Amino acid sequence: MAINWVEYWNRQSSMAGALWQAQAAFFVRQIQKELAFGPQDVLLDIGCGNGHVIAALAPLAREAHGADTSESSVQNASKRYAHIPGLRFHKLDPSDYLAVDALPLAGVTRMLCVSVVQYYKSLDELALLIARAKKIAAPGCVLLLADLLTDYNLYKDIAGVLLGGVQSGTFFAKLREVFSGSHSLYARIRANNPVLTMTRRDLENICAAQGLPLRFLSRNLTGNLFRAHALIGLNSDSA
Ligand SMILES: C[S@@+](CC[C@H](N)C(=O)[O-])C[C@H]1O[C@@H](n2cnc3c(N)ncnc32)[C@H](O)[C@@H]1O
């Protein structure tokens, strides 16, 4: 089977279901304990999926944007959340998905990228995403990279996903997901397209090379206990 991650996530069914909504709701509650959102903010959610997170944050901000490579997710999100003023969804070009600076927006104050970086091909891509995100960042803008696979061990990660499910109220849904058929498709794709893992030092080096401040957050943001979450200041004065 020659399908890659972008194609996998483009399958509409990949992100259907209550689990995604529950996870998004948990993330939105947790992130507001770390970051303030206000009426001057311009938000961008990179890899927004079906848009649950950015739709929940949009009413707190001046403008909110979700961007994703998945045509079906962008369509679903645009339809489902058409009633929210100031919220727009954008399709990222699957062959140039790091080009966030080509989106029709500027002056972003808060960027999120949640459970997405693991589907990049290399750390060089991550470094390039950060460099391109800088180009549309307002002064003081921060980029949150959430759910990173740092210092990775598969069995520990699965344990963290399930244990974290207890905290986020998604344990049984996650258990089903782990053992479901869709997950075995995920596993088969993964055999040919390894997920991107890194050390914390890797990310520190990427940020240091671009002169950007970085801080790891200790709060469980995504309900996956052993994943890391990093807040990067996209100008040297932020984060
Ligand atoms: C695990 S889902 C996370 C969705 C959303 N951020 C959330 O937390 O609910 C991964 C999302 O990343 C998107 N994606 C995968 N590869 C991508 C890429 N290279 N650039 C942008 N988005 C990508 C997928 O289409 C999918 O919507």
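Residues numbered from 1 in each chain as written. Predicted model: local features only at pLDDT ≥ 70, side-chain atom pairs only at ≥ 80, totals over all residues. Heavy atoms only, no water.

**Student:** Explanation requested: the sheet that holds strand 3 (residues 87–91) in the structure shown.
**Tutor:** Adjacent strands of a sheet form backbone hydrogen bonds with each other and so pair up, either parallel or antiparallel. Across the sheet, which stays open at both edges, the seven strands sit in the order 3-2-1-4-5-7-6 with mixed pairing between neighbours. What marks the edges here is a single partner per strand, and that holds for strand 3 and strand 6 (214–217). Ignoring which end each strand starts from, the neighbouring axes of this sheet average 20° apart. With three bridges joining them, strand 1 (residues 42–46) and strand 4 (residues 108–114) adopt parallel strand pairing. Following the sheet pairing, Leu43 is matched in strand 4 by Arg110. Contacts from helix 9 (residues 200–209) reach strand 5 (137–148), strand 6 and strand 7 (228–233), with the element oriented near 150° to strand 6. (Pairing = 2+ DSSP bridges. Helix = DSSP H or I, 4+ residues; strand = E, 2+ residues; numbered from the N terminus. Axes fitted to C-alpha atoms, helices over the stretch in contact; angles between N-to-C directions. Contact = heavy atoms within 4.5 Å.)

**Student:** Which parts of the structure should I look at to understand the packing of aromatic side chains?
**Tutor:** Geometrically, a pair of aromatic rings is defined through the distance of the ring centres and the angle of the planes. Under the defined criterion, the tally for this structure stands at 10 aromatic pairs. Measuring from ring centre to ring centre gives 5.1 Å for Phe171 and Phe172, while their planes differ by 80°; the resulting arrangement is edge-to-face. Using a relative accessible area of 26% as the deciding quantity, one classes Phe171 as partly exposed. Ring pairing ties together the aromatic residues Trp5, Tyr8, Trp9, Trp20, Tyr119 and Tyr186, which thus form one cluster. Sitting over the ring of Phe37, Arg110 keeps its end group 5.9 Å from the ring centre. Over the ring of Phe226 we find Lys156, and its NZ or CZ is 5.0 Å from the ring centre. (Phe/Tyr/Trp six-rings, centres within 6.5 Å; stacked < 30°, edge-to-face > 60°. Buried < 20%, exposed > 50% of the residue type's maximum accessible area, 1.4 Å probe, protein only. Lys NZ or Arg CZ within 6 Å of the ring centre and 35° of its normal.)

**Student:** How should I be thinking about the pattern of salt bridges in this particular structure?
**Tutor:** A pair can form between side chains of opposite charge whenever their charged atoms are brought close. The tally for this structure, following the rule as stated, stands at eight salt bridges. Between Asp101 and Arg132 there is a salt bridge whose closest N-O contact spans 2.8 Å. Of this pair, Asp101 sits in the loop between strand 3 and strand 4 while Arg132 sits in helix 5 (residues 123–134); the two residues are 31 residues apart in sequence, bridging distant segments of the chain. Here Asp101 falls in the partly exposed class, since its relative accessible area comes to 23%. (Salt bridge = Lys/Arg side-chain N within 4 Å of Asp/Glu carboxyl O.)

**Student:** What am I meant to see in the side chain of Asn224 here?
**Tutor:** By the secondary structure assignment, Asn224 is in the loop between strand 6 and strand 7. For Asn224, a relative accessible area of 8% translates into the label buried.

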